Amino acid sequence: EADEVMEVELDVTNHSYDGKNHYYYSALSRSGKKLTVETVVEDSDWVVLRIIGVNKDFGEISLRVAQNEMEENTLHLYTNVNAVNRVDSLVKRERIGYQILRLESDKAAYKKKNNSYEKEIRGLQEKNTRMQEEIDHLQSKTSYQTEEQLQETDDQIKEIQSSMKENEDSILSLTEKINEN
C-alpha cells in the first residue's frame with residue numbers, strides 16, 4: 001500500500017502456437033490514469049508484473065495485454081479493491097524468489113485440493129458404512145419373509161450394493177487425483 005505498487009502474476013497459455021510469447025502490458029486506473037507496468041519475469045508460460053502508481057483507494061484497475069503497443073485486439077483483465085491481497089510493502093525479488101513463491105503457492109493449492117478430496121472420500125466411506133449396515137439389517141429380516149418379500153429385499157440389496165460400488169469407484173478416482181498431486 002505505502003509503495004503504491006501492485007504485483008500481478010499471470011499463467012499464460014498461447015493456444016495459437018505462433019511463437020509470440022512476449023506481450024505488451026499497460027494498466028489504467030478507474031479514473032483513466034495510466035499506470036506504469038514493469039515486467040519483472042516473463043517466460044512463455046508465466047509472467048510477473050509490477051503496476052506502479054496504484055493509489056491506496058484505487059477502486060478498480062484494468063490490466064491490458066496485447067501483442068504490441070499498437071495492437072487493437074487487446075485482452076482486458078480487471079481487478080478491484082475487494083479482490084486484492086493487501087500488504088504493507090512489496091519486496092522486489094529476483095527471478096528465483098518469484099519461482100519459490102510460485103512453488104509455495106502451488107503446493108498450498110494442491111494441499112487444499114487434496115484436503116477437499118480426502119474429505120469427500122471420508123464422506124463416501126461413511127455413506128458406504130451406513131449402506132452396509134442397511135444391507136445387514138435387511139438380511140437379518142429375511143428368515144421370516146415370503147418369496148415375494150425376499151425378492152424385494154434382494155432387489156433393495158442389489159441397488160444398495162450398486163450405489164456402494166459407484167462410491168468405491170469415486171473413492172478410487174479421488175485417490176488417484178491425490179496421488180497425481
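Our structure is the block above this text.
Residue positions are given per chain, counting from 1 as you read along its sequence in written order. With the structure being a predicted model, the display of local features is reserved for residues of pLDDT at least 70 and the display and counting of side-chain atom pairs for 80 or more, all residues being used for whole-chain, interface and lining totals. Working from all heavy atoms in the structure, the side-chain values ignore hydrogens and water.

Student: Outline a negative patch on the surface, supporting the account with residue identities and numerical values.
Tutor: A contiguous patch of negative charge on the surface is contributed by Glu148, Glu152, Asp155 and Glu159. Looking at where glutamate 148 falls in the secondary structure, it is placed in helix α2 (residues 147-180). What makes a patch is a set of residues exposed beyond 30% relative accessible area and free of salt bridges, joined within 9 Å when like-charged and within 5 Å when nonpolar (Val, Leu, Ile, Met, Phe, Trp, Tyr). Each accessible area value is a Shrake-Rupley result obtained with a 1.4 Å probe; residue values ignore everything except the protein chains displayed when judging cover. Take a side-chain nitrogen of Lys or Arg and a carboxyl oxygen of Asp or Glu: if they are within 4 Å of each other, that pair is a salt bridge. By the counting scheme adopted, Arg and Lys are positive, Glu and Asp are negative, and His together with the chain ends is not counted. We put the charge of a Lys on NZ, of an Arg on CZ, of an Asp on CG and of a Glu on CD. The way it works is that DSSP assigns letters per residue, a run of H or I at least four long becomes a helix, a run of E at least two long becomes a strand, and they are numbered from the N terminus.

Student: Help me get a handle on the side chain of serine 62, residues and values and all.
Tutor: As for its placement among the helices and strands, serine 62 is situated in strand β5 (residues 60-66). Only protein chains enter the area calculation, which uses a 1.4 Å probe; residues under 20% of their type maximum are buried, those over 50% are exposed, and those in between are partly exposed. Classification of serine 62 by relative accessible area gives buried; the value is 6%. Any N or O atom pair separated by 3.5 Å or less is treated as a polar contact, with the protein-specific requirement of one donor-capable and one acceptor-capable atom, and with residues adjacent in sequence counted only for side-chain atom pairs. One polar contact links serine 62 to arginine 64, side chain to side chain, over a distance of 2.8 Å. Not counting the four nearest positions on each side in its chain, serine 62 is found in contact with Ser26, Ala27, Leu28, His76, Leu77 and Tyr78. Only heavy atoms enter the contact rule, under which two residues are in contact if any of them lie within 4.5 Å.

Student: Pulling in residues and values, what's your account of the sheet that holds strand β3 (residues 34-42)?
Tutor: Two strands form a pair only when DSSP identifies at least two bridges running between them. Strands sit in the order β1-β4-β3-β2-β5-β6 across an open sheet of six strands; the sheet is antiparallel. Lying at the two open borders of the sheet, with one neighbouring strand each, are β1 (5-11) and β6 (75-80). Taking each pair of neighbouring strands and ignoring which way they run, the sheet shows an average axis angle of 25°. Both β3 and strand β4 (residues 46-52) contribute to a ladder of six bridges, which runs antiparallel. Bridge assignment links threonine 36 to a residue of β4, and that residue is isoleucine 52. Between N-to-C directions, angles span 0 to 180 degrees; the directions come from axes that are lines fitted to C-alpha atoms, helices contributing only their stretch in contact. Lying over the sheet, helix α1 (residues 95-140) contacts β1, β3 and β4, oriented at roughly 110° with respect to β4.

Function cannot be inferred from these measures alone, as they are strictly geometric.
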